[in-house]
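Residue strings, one per chain:
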Amino acid sequence: MRTEESDNNHLFFQSMKEDRGWYFVEYRPPVHDYKFSTLQLVILSKEKKLEEIAESMEAESVIWLERYPIPIMISAFDDKGDHIILKEIRGCDHLIGFIDRQTHKTVREWRLFSDEELPSDALDASYLKKIYSEIPFKTKQQLRDEAQQKAKHWQFGWWIVFIWAVVVPAGIAILEWWSDWLGVVVLIYSLWKAIENSLRLMGKWPKSEFEIEKESEETRMRHHHYHCERNPEGFNRLKVENFERWEREELHKEAMSLKQSIEQGTKL
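Here's a quick rundown of the structure. None of these values were measured; they are calculated from a predicted model.

### A word on the overall build of the protein chain
Along the backbone of the protein chain there are eight helices and eight strands. For the protein chain, the residues scored as buried account for 26% of the 268 residues in total.

### Notes on the layout of surface pockets
To find leftover empty space, one rolls a probe the size of a water molecule over the atoms. Put simply, the largest pocket is a space of about 160 Å³. Looking at the lining of the largest pocket, the elements that each hand over two or more residues are β1 (11–13) and β4 (37–43). Here the lining of the largest pocket gets three residues from one element, more than from any other, and that element is β1. For the lining of the largest pocket, the per-class residue count stands at eight nonpolar, four polar and one charged.

### So, the nonpolar core
In this structure, Y27, L39, L41, M57, W64, Y68 and Y132 are the most contacted members of the largest nonpolar core, which totals 30 residues. Every element with two or more residues in this core is listed here: β1, β3 (23–28), β4, α2 (50–67), β5 (72–77) and α4 (125–131). Among the elements that take part in this core, α2 stands out by supplying five residues, more than any other. Every residue in contact with Y132, bar those within four places of it in the chain, is listed here: F13, Y27, P29, P30, S37, Y68 and I70. Of all hydrophobic cores here, the second largest spans six residues; its members include F98, V107, F113 and L118.

### A short note on the pattern of salt bridges
With the rule as written, the count across this model stands at eleven salt bridges. Measuring nitrogen to oxygen at the nearest pair gives 2.7 Å for the salt bridge that ties D121 to R101. Here D121 is found in the loop between β7 (106–109) and α4, whereas its partner R101 is found in the loop between β6 (95–99) and β7, with 20 residues between them in sequence. Through salt bridges that share partners, E18, R20, E60 and R67 make up one connected network.

### Points about unusual backbone geometry
Backbone geometry at H104 places phi at a positive 60°, although glycine is not the residue there. Looking at the element boundaries, H104 is found in the loop between β6 and β7. Judged by its relative accessible area of 62%, H104 is exposed.

### Overview of the sheet that holds β3
Strand order across the open sheet formed by six strands is β2-β3-β4-β5-β6-β7, with mixed pairing between neighbours. At either margin of the open sheet sits one strand with a lone partner, and together these are β2 (16–19) and β7. Put simply, the sheet's adjacent strands are angled 20° from each other on average, direction ignored. One ladder, built from three bridges, connects β5 with β6; its direction is antiparallel. Bridge pairing in β6 places I74 opposite L95. In the packing of α2 onto the sheet, the strands contacted are β2, β3, β4, β5, β6 and β7, and the crossing angle to β5 comes to about 145°.

The rules behind these values
Residues numbered from 1 in each chain as written. Predicted model: local features only at pLDDT ≥ 70, side-chain atom pairs only at ≥ 80, totals over all residues. Heavy atoms only, no water. Helix = DSSP H or I, 4+ residues; strand = E, 2+ residues; numbered from the N terminus. Buried < 20%, exposed > 50% of the residue type's maximum accessible area, 1.4 Å probe, protein only. 1 Å grid on protein atoms, 1.4 Å probe; cavity = no way out; pocket = protein on both sides within 12 Å on 5 of 7 lines; lining within 4 Å. Points joined across faces, edges and corners; volume = space filled by probe spheres on them. Nonpolar A, V, L, I, M, F, W, Y, C, P; charged D, E, K, R; others polar. Core = buried A, V, L, I, M, F, W, Y, C linked by side-chain atoms within 4.5 Å. Contact = heavy atoms within 4.5 Å. Salt bridge = Lys/Arg side-chain N within 4 Å of Asp/Glu carboxyl O. Pairing = 2+ DSSP bridges. Axes fitted to C-alpha atoms, helices over the stretch in contact; angles between N-to-C directions.

Below, the structure written as structure tokens:
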């Protein structure tokens, strides 16, 4: 049975991102009921060899375990978001590290550990709050309260739309029925719209810049659609290339933003 206390023990920490030059890292503390944190290396340079990437992952394991002694799983991705395969040189694509409770030594292996092999420190909410004291977090109850608050805002917005889309037109219709002068205004407006539409159909109504631009855009879309149907393989290839380019641009923007924030912090 769900209790408020158990919801407050479900912690959702913010992730941390740091720049390393030719790659950047994103560290995520454990989520509820998971025994390990995760670290992702996003490789921005295509010139780096797999051995360099693997060595960087090993170096990062030392850095983050010293900072936060919680089991960690490290993986690497390229600038398109694809997972980097390291099995050929390390036997596994993922690096697992943790502090052994008995020997107090760092265990670091290129293999996936079973759940029973990992320490259970990450299952203790109080311990996580202590270890990650400087990292903002929210509880499950807080996230639920925020979701309910957003739902109330959406409901209020829906009523505003309902009033303007239903109540106001209905009110105008009632006033029109009761008021002769309003009926005349509505009649004149209806006649004017009828004249306008007839002139548009006959091509005698001058087109606005927006309409001209819209027609031009529709013509280009039909032209592109025609060629896409004629060459579906080329279209699919172009679509994949666009997705990959957008992914690379987004990752490089993120890396540049990290560099700029570090530079600004150094100046301060």
